[in-house]
Amino acid sequence: MKKILLFVCFVSLFSWANAQQNALPPAVKNQLEALKHPNLNLNEVQLSRIAYVLEMEYQNALKIQKTFEGNKSVLDARLKEHKEHIINNIKGAITPTQAEIFDNLKLAEKF
């Protein structure tokens, strides 16, 4: 019974993650595709966590752009901080080995 329940939970999580990816903005989808690099070897749980973070951070970036649209220097500074925040969140969801591969592949440039 436990195995069946575990299987149902796994299928539900996988379906939810897949549905989330289908509803994502194109910019977030492109970022997730970059993270699906075969050498990085992220599992579905990591991808779903990162997808959630990227979606929320995408919304935050829109708010930052709207708030500081008249002040380019402040906007640029805030967006730079925002990018660093995203990278730190991604690295928090992956293993140290994967983080090293992430750095070696220069995937931070895609965000």
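What comes next is a walk through the structure.

Parameters and conventions
- Residues numbered from 1 in each chain as written.
- Predicted model: local features only at pLDDT ≥ 70, side-chain atom pairs only at ≥ 80, totals over all residues.
- Heavy atoms only, no water.
- 1 Å grid on protein atoms, 1.4 Å probe; cavity = no way out; pocket = protein on both sides within 12 Å on 5 of 7 lines; lining within 4 Å.
- Points joined across faces, edges and corners; volume = space filled by probe spheres on them.
- Helix = DSSP H or I, 4+ residues; strand = E, 2+ residues; numbered from the N terminus.
- Nonpolar A, V, L, I, M, F, W, Y, C, P; charged D, E, K, R; others polar.
- Core = buried A, V, L, I, M, F, W, Y, C linked by side-chain atoms within 4.5 Å.
- Buried < 20%, exposed > 50% of the residue type's maximum accessible area, 1.4 Å probe, protein only.
- Axes fitted to C-alpha atoms, helices over the stretch in contact; angles between N-to-C directions.
- Left-handed = near helix turned anticlockwise from the far one by under 90°.
- Contact = heavy atoms within 4.5 Å.
- Expected span 1.5 Å × (residues − 1).
- Arc of directions from axis to C-beta.

1. Quick word on the layout of surface pockets
Inference 1: The volume enclosed by the largest pocket comes to roughly 260 Å³.
Inference 2: Taken together, 14 residues line the largest pocket, and the ones lying closest to its centre are Q31, A61, H82, I86 and F111.
Inference 3: Only α2 (26-35), α3 (44-67) and α4 (72-92) provide two or more residues apiece to the lining of the largest pocket.
Inference 4: In the lining of the largest pocket, the residues fall into 9 nonpolar, 3 polar and 2 charged.

2. Remarks on the nonpolar core
Inference 1: Within the largest apolar cluster, 20 residues are counted, with the highest numbers of intra-cluster contacts made by L32, L35, I50, L54, I90, F102 and F111.
Inference 2: Those elements that provide at least two residues to this core are α2, α3, α4 and α5 (96-104).

3. Looking at the packing of α2 against α3
Inference 1: Where α2 meets α3, the axes come as close as 10 Å, and the angle between the chain directions of the two elements is 145°. Viewed along their axes, α2 and α3 form a crossing whose handedness is right-handed. Of the residues in α3, those touching α2 at A27, V28, Q31, L32 and L35 are L47, I50, A51, L54, E55 and Y58.

4. Section: α4
Inference 1: Helix length check: α4, at 21 residues, gives a terminal C-alpha distance of 30 Å against a target of 30 Å (1.5 Å per residue), a fit within 8%.
Inference 2: Buried within α4 are the following residues: L75, H82, I86, I87 and I90. Along the axis of α4, the buried positions cluster into a sector of 140°, meaning they face one direction only. Facing away from the buried side of α4 by more than 90 degrees, the exposed set consists of S73, K80, N88 and G92.
Inference 3: Buried residues belonging to α4 abut α2, α3 and α5.

Nothing here speaks to function; it is all geometry.
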